[in-house]
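Spelled out from the first residue to the last, the chains are:
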There are 2 protein chains.
Amino acid sequence: MRGVASGTKRRNRDLSRRLGALAMAASLFGALPALALDGIVEKKVFEMPSYTTVGGGTIKNVRVGWESYGKLNEAKDNAILVTHFFSGSSHAAGRYKAEDPAPGYWDSIIGPGKPLDTDKYFIISSDTLVNLSPKDPNVVTTGPASINPDTGKPYGMSFPVVTIQDFVNVQKALLDSLGIKSLQAVMGGSMGSLQAFEWGADHPEMVKRVIAVIGGPEADPFLIGWLNLWAAPIRLDPNWNNGDYYGKAEPVAGLTEALKLVTLQARHWKWADAAFGRKWAEDGKDPRAAMGNQYAIEAWLDKAAAGRAAVSDANHLLYLVKANQTFVTGNGPSLEDGLAKIKAPVLLIPSADDLVFPPDRNMRPLKDRLEKQGNRVDYTEAITSTQGHLDGIANIAKAGDAITQFLAK
Amino acid sequence: MRGVASGTKRRNRDLSRRLGALAMAASLFGALPALALDGIVEKKVFEMPSYTTVGGGTIKNVRVGWESYGKLNEAKDNAILVTHFFSGSSHAAGRYKAEDPAPGYWDSIIGPGKPLDTDKYFIISSDTLVNLSPKDPNVVTTGPASINPDTGKPYGMSFPVVTIQDFVNVQKALLDSLGIKSLQAVMGGSMGSLQAFEWGADHPEMVKRVIAVIGGPEADPFLIGWLNLWAAPIRLDPNWNNGDYYGKAEPVAGLTEALKLVTLQARHWKWADAAFGRKWAEDGKDPRAAMGNQYAIEAWLDKAAAGRAAVSDANHLLYLVKANQTFVTGNGPSLEDGLAKIKAPVLLIPSADDLVFPPDRNMRPLKDRLEKQGNRVDYTEAITSTQGHLDGIANIAKAGDAITQFLAK
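Residues numbered from 1 in each chain as written. Chains lettered and ligands numbered in written order. Predicted model: local features only at pLDDT ≥ 70, side-chain atom pairs only at ≥ 80, totals over all residues. Heavy atoms only, no water.

(A) Spotlight on the layout of surface pockets. Residue and element names in this part refer to chain A. Considered as a void within the structure, the second largest pocket measures approximately 1000 Å³ in volume. Around the second largest pocket sit 41 residues that line it, and Phe-85, Ser-87, Gly-88, Tyr-105 and Arg-308 are the ones nearest its centre. Elements with a minimum of two residues in the lining of the second largest pocket: α5 (221-236), α6 (252-265) and α8 (296-309). Take the lining of the second largest pocket: its biggest share by element is four residues, from α8. Taken together, the residues of the lining of the second largest pocket break down into 23 nonpolar, 13 polar and five charged. Per-domain counts for the lining of the second largest pocket show at least three residues from each of domain 1 (4-225 + 320-408) and domain 2 (226-319). (1 Å grid on protein atoms, 1.4 Å probe; cavity = no way out; pocket = protein on both sides within 12 Å on 5 of 7 lines; lining within 4 Å. Points joined across faces, edges and corners; volume = space filled by probe spheres on them. Helix = DSSP H or I, 4+ residues; strand = E, 2+ residues; numbered from the N terminus. Nonpolar A, V, L, I, M, F, W, Y, C, P; charged D, E, K, R; others polar. Domains from an automatic or database assignment.)

Written out as structure tokens, the structure reads:
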């Protein structure tokens, strides 16, 4: 079990090496810290010959991708684990290539001098099991689309059910492989916050701080219902074929509709007003004139979701839905039991307009609950802007001071 | 064009006649008002040989069902029109048969001595064009599932696009046929509120008051996106077959998933918490143990939506989605223009927790807007409870005093 560079990323790695040499030269002039992240990041792969799930299933040849930013110190006690959201990956910061159109999703807070300061911390992030995007060349994951070594064919729906706790267990094995025995913090947004809570509950001796963004301590029943609806279009697509579609026509239409739901629910009417208004999709094609004529927001949803579907896998989405639905901090029996296991101080960062994890149902009562059981809790809704749930990604920098202060305590 | 009893309701009508005679006898003892509504209501049918849509399409042999409660006075100036919601019908109050399990949806405010007082007002409600539930024996509507007299076959997707303004135009023809030239109020919830606003804008000389519940003056772009998603499962179902499924296997699975979306978005996490919590669908079937094991809320959604799908038509849902998406008060060109046409006082009744028409986007700014243009506006959020959008139906009685006072002004 050790980190090995993925074959598909060889070119990036070579480029990274060349830039590494350049950075080393530049460091003579004091420029290294900036280059260390504003330069190039590399996807590495962690492998486990076999993993037994919380539910008792066996997954052989587990492979998950991971990235890191900054340097692990000799004591190996400066690590911060970043856990990713439903449609995210381990690409939390930096660029693979200088010409990448955008950096990792939380680049605004990860880097030299930023709240997750790479001059100080070793930031590490890994792709989860059943990551949504196995077709993304920068994602390495194990799930229904992976080959089952016992059959030589993709698992499909024979892949065992996995939970958020399984994601955490694999991350724990990754950290073990690096000799990391203590974490300055675990920080995650949305599904990443579920993993952060689970880390806090499962490894209280190891986790010094929990930072949870746009999430909650359990999947509330309304969210369980919504997650069911996110999955539904896939099952309706005849190409889904009970999950047996590998090497055949894939359920792209169903997957696209599923991702339209995910995309829209993660946003807000304020965003829709600002981005589209009631504009038509095409000039001269009045939506009142024909059933097929659309509004701009409809055409955008189709296009955005089709782009995401191209790198996603339908069965992986179903497994992610299940992992989120079944989540209760500490994996039960009750939320109270699970929360009681968290000993670390907690920073909660909801978006006031979140329609996936509404703060009235999630982080506002959670703040009181954690304080009542004795945890130190910091709390800010500073990220709230116009994008609802997505403010947790797009506007995380607005919570930068809160994060910096929380890490300094 | 006159109201005629629908063939399928002959038995009810006969029962109604018998009860009518009983009521007449009872009136000798002063008991008529109570029996007038707590007794039996009758579905009537309004017919138009031909209707030309706002978009220029022609629909021959238009038939819509209607009901009334109370008595039209001689001056014909005591009428209140009640316009129905997306999945509703003209059955706003009363029962068809004494043994009906539930009365019409707003029975709590319609009846003798109630806010819509049938001792005083003639309450009338009609099924819209493209009503969701053409298979409900108590709904009479004209839409894609109707026979096109020119072909002898169902219209399917050749049915012309219809708008909220078309719904209003057909209602206007119904009222004309009854000699009603003035309305004490038009009142509707959700899609019914869109019709109420449209009535106020199209017939300011006729509409004395507008009462809008859980709605808004236009489909905002976020709602346009959601409506697209409501429709999507139908198009994914291979049985939909571009709307050509009559007499064949129907797209029941797609329609059911569509109705699950409608059902859930019309509710709220407070409702889900109270009704289900994280309970499993079946004892002994831990959702963590198998992909097919569900939570209670999932099983409930499946069952509730399947029940609704049994009386609904998939193409009708697509046409309703279009009618709602295209709605702007006054049918454009701008919302300002449309609202300026409303001269009547307006009573706005949002639910604070509404996820379909969030009051921050809809009724709260609308209140200011209408007041600024000189309308008298009454406003109450008294219906807010735990059911989100649905509070506008389930808890309308909490706005009873506001309605009574508004009608008295």
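(B) Fine view of the side chain of Asp100(A). In this fold, Asp100(A) is placed in the loop between β4 (79-83) and β5 (110-111). At a separation of 2.8 Å, a polar atom in the side chain of Asp100(A) contacts the main-chain amide nitrogen of Tyr96(A). (Polar contact = N/O pair within 3.5 Å; in protein donor to acceptor, adjacent residues only side chain to side chain.)

(C) Inspection of the interface of chain B and chain A at higher detail. Between chain B and chain A, the residue contacts involve 56 residues of the former and 55 residues of the latter. Across the chain B to chain A interface the summed buried area is about 4800 Å²; carbon plus sulfur atoms make up 71%. When residues of chain B are sorted by the area they lose upon contact with chain A, Phe222(B), Arg278(B) and Met291(B) head the list and together hold 18% of the total. For the interface between chain B and chain A, the tally reads two salt bridges. We note a salt bridge from Arg361(B) to Asp273(A), for which the minimum N-O separation is 2.6 Å. For the interface between chain B and chain A, the tally reads 24 residue pairs in polar contact (both at pLDDT 80 or more). (Contact = heavy atoms within 4.5 Å. Buried area = accessible area lost by both parts, 1.4 Å probe. Salt bridge = Lys/Arg side-chain N within 4 Å of Asp/Glu carboxyl O.)

(D) Layout of the nonpolar core. If you look at the biggest cluster of nonpolar residues, it comprises 181 residues, and the most contacted ones within it are Leu183(A) and Phe86(B). In this view, Leu183(A) contacts Ala79(A), Ile80(A), Leu81(A), Leu175(A), Trp199(A), Met206(A), Val207(A), Lys208(A) and Arg209(A); residues no more than four positions away in its chain are not counted. (Core = buried A, V, L, I, M, F, W, Y, C linked by side-chain atoms within 4.5 Å. Buried < 20%, exposed > 50% of the residue type's maximum accessible area, 1.4 Å probe, protein only.)

(E) Quick look at the pairing of strand β2 (residues 44-52) of chain A. All names here are of chain A. Where β2 and strand β3 (residues 58-69) come together, eight bridges link them in antiparallel fashion. Bridge pairing in β3 places Lys-44 opposite Trp-66. Hairpin connection, β2 to β3: the antiparallel pair is bridged by five residues, and Gly-56 has positive phi, about 95°. (Pairing = 2+ DSSP bridges.)

(F) Examining the confidence of the model for chain A more closely. In this model, chain A carries a mean pLDDT of 92, and residues with pLDDT of at least 70 account for 90%. In the model, residues 1-36 of chain A has pLDDT below 50 throughout and makes 42 contacts with residues more than four positions away in sequence or in other chains. (pLDDT = per-residue confidence, 0-100.)

(G) How the structure looks around the UniProt feature "domain: AB hydrolase-1" (unreviewed entry) in chain A. Per the UniProt entry, the sites bearing "domain: AB hydrolase-1" (unreviewed entry) are residues 159-372 of chain A in this numbering. From the first C-alpha to the last, residues 159-372 of chain A spans 40 Å; its make-up is 49% helix and 7% strand. (UniProt positions renumbered as here; feature names shortened; annotations may be inferred.)

(H) How the structure looks around the packing of aromatic side chains. Inspection of every chain in the model, using the stated rule, returns 21 aromatic pairs over all chains. Judged by centre distance (4.8 Å) and plane angle (90°), the ring pair of Phe85(B) and Tyr105(B) falls under edge-to-face. In this pair, Phe85(B) is assigned in the loop between β4 (79-83) and β5 (110-111) and Tyr105(B) in the loop between β4 and β5, connecting sequence segments 20 residues apart. On the basis of an interplanar angle of 80° and a centroid distance of 5.8 Å, the ring pair of Phe159(B) and Tyr319(B) is categorised as edge-to-face. Linking Phe159(B) in the loop between β9 (153-154) and α3 (164-177) with Tyr319(B) in helix α9 (residues 314-325), this pair joins segments that are 160 residues apart in sequence. Its relative accessible area of 2% is what places Phe159(B) among the buried residues. Look at Tyr319(B) and you get buried, because its relative accessible area is 0%. By the ring-pair criterion, three or more aromatic residues cluster together here, those being Phe222(A), Trp226(A), Phe222(B) and Trp226(B). Above the ring of Trp271(A), the side-chain terminus of Arg267(A) is found at 5.3 Å from the ring centroid. Its end group placed over the ring of Trp269(B), Lys270(B) keeps NZ or CZ at 5.9 Å from the ring centre. (Phe/Tyr/Trp six-rings, centres within 6.5 Å; stacked < 30°, edge-to-face > 60°. Lys NZ or Arg CZ within 6 Å of the ring centre and 35° of its normal.)

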